[in-house]
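Descriptive analysis of the structure
What follows is the residue order along each chain.
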Amino acid sequence: MMTTQIFPSLLAADFARLADEAATVSGVADWLHVDVMDSHFVPNLTIGLPVVSALLKHATLPLDCHLMISEPDRWAPEYAQAGARNVTIHAEAASAPVRTLRLIRSAGARAGLAINPATPVEPYADLFGEIDMLLVMTIEPGFGGQAFLDITVPKIARARELIARHGGEIWLQVDGGVSEETFGRCAEAGADVFVAGTAVFGAEDPAAVRHLRSTAEAAARRPADDGG
Ligand code: DX5
Ligand code: ZN
């Protein structure tokens, strides 16, 4: 049984008030998604380990660190050691993903693997034993507020099938352009973890998370109902 989880992305929050922004969603969201960018793997630059470590002291929700950096092998284990509860590395950037994913897990965190819109999921099925979450990017990573890429929907569905075949408890996360309007497509295709930046922190009240959750849950139930 899949559980819908909502991870607001702090990228759309006020970076000068991170702890307060984290607190506004603490009662309604499941985890907090933190976008680490190094201006090499992606053009944008955000925050790194010192800020994540500081945030860890204040945030009550677990932190999901999405590393959009060109040297995940060097840095990912340190985020896990600092206390991030999930650390996701990009398949396109990792030189030794198996070693790095194992180091993340041995530091006590969940390990995530992310793939960009143009990266096929099939070659990574052999790594499913090494991961707790697969992130299918639904935009080109680097910036918030971009339009959802519909071409990624069939891949979400193929990823869900591969996960089912693998038989493990791997969460299937989507990130980028996830909104009231696109939640349904992702949930129907089999996503169960939804990252939303603009749709949460751009809303008048971040408690909008509640409404997003019910939209996703209704969509996730749809295929089963149709099969009736
Ligand atoms: C972008 C980041 C996303 C970003 C999504 O590369 O990975 O987490 O915050 O922002 P929205 O939800 O606005 O598309
Ligand atoms: Zn992200």
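First things first, this report covers the structure right here in the doc. (Residues numbered from 1 in each chain as written. Chains lettered and ligands numbered in written order. Predicted model: local features only at pLDDT ≥ 70, side-chain atom pairs only at ≥ 80, totals over all residues. Heavy atoms only, no water.)

What follows is about the coordination of the zinc ion (ligand 2). As a benchmark, a tetrahedral metal site with four donors has ideal angles of 109.5 degrees, while an octahedral site with six donors has ideal angles of 90 or 180 degrees. Only His 33 (NE2), Asp 35 (OD), His 66 (ND1) and Asp 175 (OD) from the protein reach the zinc ion (ligand 2) as donors, at distances of 2.0 to 2.3 Å. Viewed at the metal, the 6 donor atoms of the zinc ion (ligand 2) are separated by angles of 72 to 169°, and the geometry they form is octahedral. Sequence positions of the residues that donate to the zinc ion (ligand 2) give the spacing H-x1-D-x30-H-x108-D. Taken as a pair, His 66 in strand 3 (residues 63-68) and Asp 175 in strand 7 (residues 171-175) lie far apart in primary sequence, 109 residues in all. Across the pair, Asp 175 and His 66 agree in class, each one buried. (Donors = N, O, S within 2.8 Å, 3.2 Å for Na, K, Ca; no water. Tetrahedral: all angles 85-135°; square planar, octahedral: opposite > 155°, others 65-115°. Helix = DSSP H or I, 4+ residues; strand = E, 2+ residues; numbered from the N terminus. Buried < 20%, exposed > 50% of the residue type's maximum accessible area, 1.4 Å probe, protein only.)

Quick look at the site of ligand 1 now. In the region of ligand 1, 21 residues are neighbours, and Ser 9, Asp 175, Gly 177, Gly 197 and Thr 198 sit closest. A distance of 3.3 Å separates an oxygen atom of ligand 1 from a polar atom in the side chain of His 33. Gly 177 is positioned with one of its backbone polar atoms (N or O) 2.7 Å from an oxygen atom of ligand 1. Coverage of ligand 1 by the protein chains reaches 98% of its 380 Å² of free accessible surface. Every element with two or more residues in the shell around ligand 1 is listed here: strand 2 (32-37), strand 3 and strand 8 (193-196). At 3 residues, the largest contribution of residues to the shell around ligand 1 is made by strand 2. Partitioned by chemical class, the residues of the shell around ligand 1 number 9 nonpolar, 10 polar and 2 charged. (Near = heavy atom within 4 Å. Polar contact = N/O pair within 3.5 Å; in protein donor to acceptor, adjacent residues only side chain to side chain. Areas by Shrake-Rupley, 256 points an atom, 1.4 Å probe, with all protein chains shown as cover. Nonpolar A, V, L, I, M, F, W, Y, C, P; charged D, E, K, R; others polar.)

What follows covers the nonpolar core. In this structure, Val 25, Val 34, Tyr 79, Val 87, Leu 134 and Phe 194 are the most contacted members of the largest nonpolar core, which totals 65 residues. Ranked by residues supplied to this core, first place goes to helix 5 (residues 153-166) with 5 residues. Not counting the four nearest positions on each side in its chain, Tyr 79 is found in contact with Val 36, Gly 48, Leu 49, Val 52, Cys 65, Leu 67, Ala 84 and Val 87. Counting residues in each nonpolar core, the second largest holds 6 residues, with Phe 7, Trp 171, Val 193 and Val 195 among its members. (Core = buried A, V, L, I, M, F, W, Y, C linked by side-chain atoms within 4.5 Å. Contact = heavy atoms within 4.5 Å.)

With that settled, consider the side chain of Arg 160. With respect to the helices and strands, the residue Arg 160 is situated in helix 5. Using a relative accessible area of 17% as the deciding quantity, one classes Arg 160 as buried. In this view, Arg 160 contacts Met 2, Ile 170, Leu 172, Ala 189, Gly 190 and Asp 192; residues no more than four positions away in its chain are not counted.

Let us now look at helix 2 (residues 49-56). Turning to helix 2, its buried residues number three or more, namely Leu 49, Val 52 and Leu 55. In a view along the axis of helix 2, the buried residues occupy a sector of 125°, so they form one face of it. Buried residues belonging to helix 2 abut helix 1 (18-24), strand 2, strand 3 and helix 3 (72-82). (Arc of directions from axis to C-beta.)

What follows concerns helix 3. Along helix 3, the residues classified as buried are Pro 72, Asp 73, Ala 76, Pro 77, Tyr 79 and Ala 80. Seen from one end, helix 3 has its buried residues packed into an arc of 155°, which puts them on one side. Contact partners of the buried residues in helix 3: strand 2, helix 2, strand 3, strand 4 (86-90) and helix 4 (97-106).

Let us look at the packing of helix 3 against helix 4. One can describe the packing of helix 3 onto helix 4 by two numbers: an axis separation of 8 Å at closest approach and a directional angle of 10°. Viewed along their axes, helix 3 and helix 4 adopt a mutual orientation that is roughly parallel. Contact with helix 3, carried on its side by Pro 72, Asp 73, Ala 76, Pro 77 and Ala 80, involves Pro 97, Thr 100, Leu 103 and Ile 104 of helix 4 and no other residues of that element. (Axes fitted to C-alpha atoms, helices over the stretch in contact; angles between N-to-C directions. Parallel < 35°, antiparallel > 145°, perpendicular 65-115°, else oblique.)

Take the pairing of strand 8 next. Both faces of strand 8 are covered, namely the face carrying Val 193 and Val 195 and the face carrying Phe 194 and Ala 196. Where strand 1 (residues 5-8) meets strand 8, 4 bridges bridge the pair, whose relative direction is parallel. The residue of strand 8 that forms the bridge with Ile 6 is Phe 194. Where strand 7 lies against strand 8, 3 bridges are found, and the strand directions are parallel. In the sheet register, Gln 173 faces strand 8, and the bridge partner there is Val 193. (Pairing = 2+ DSSP bridges.)

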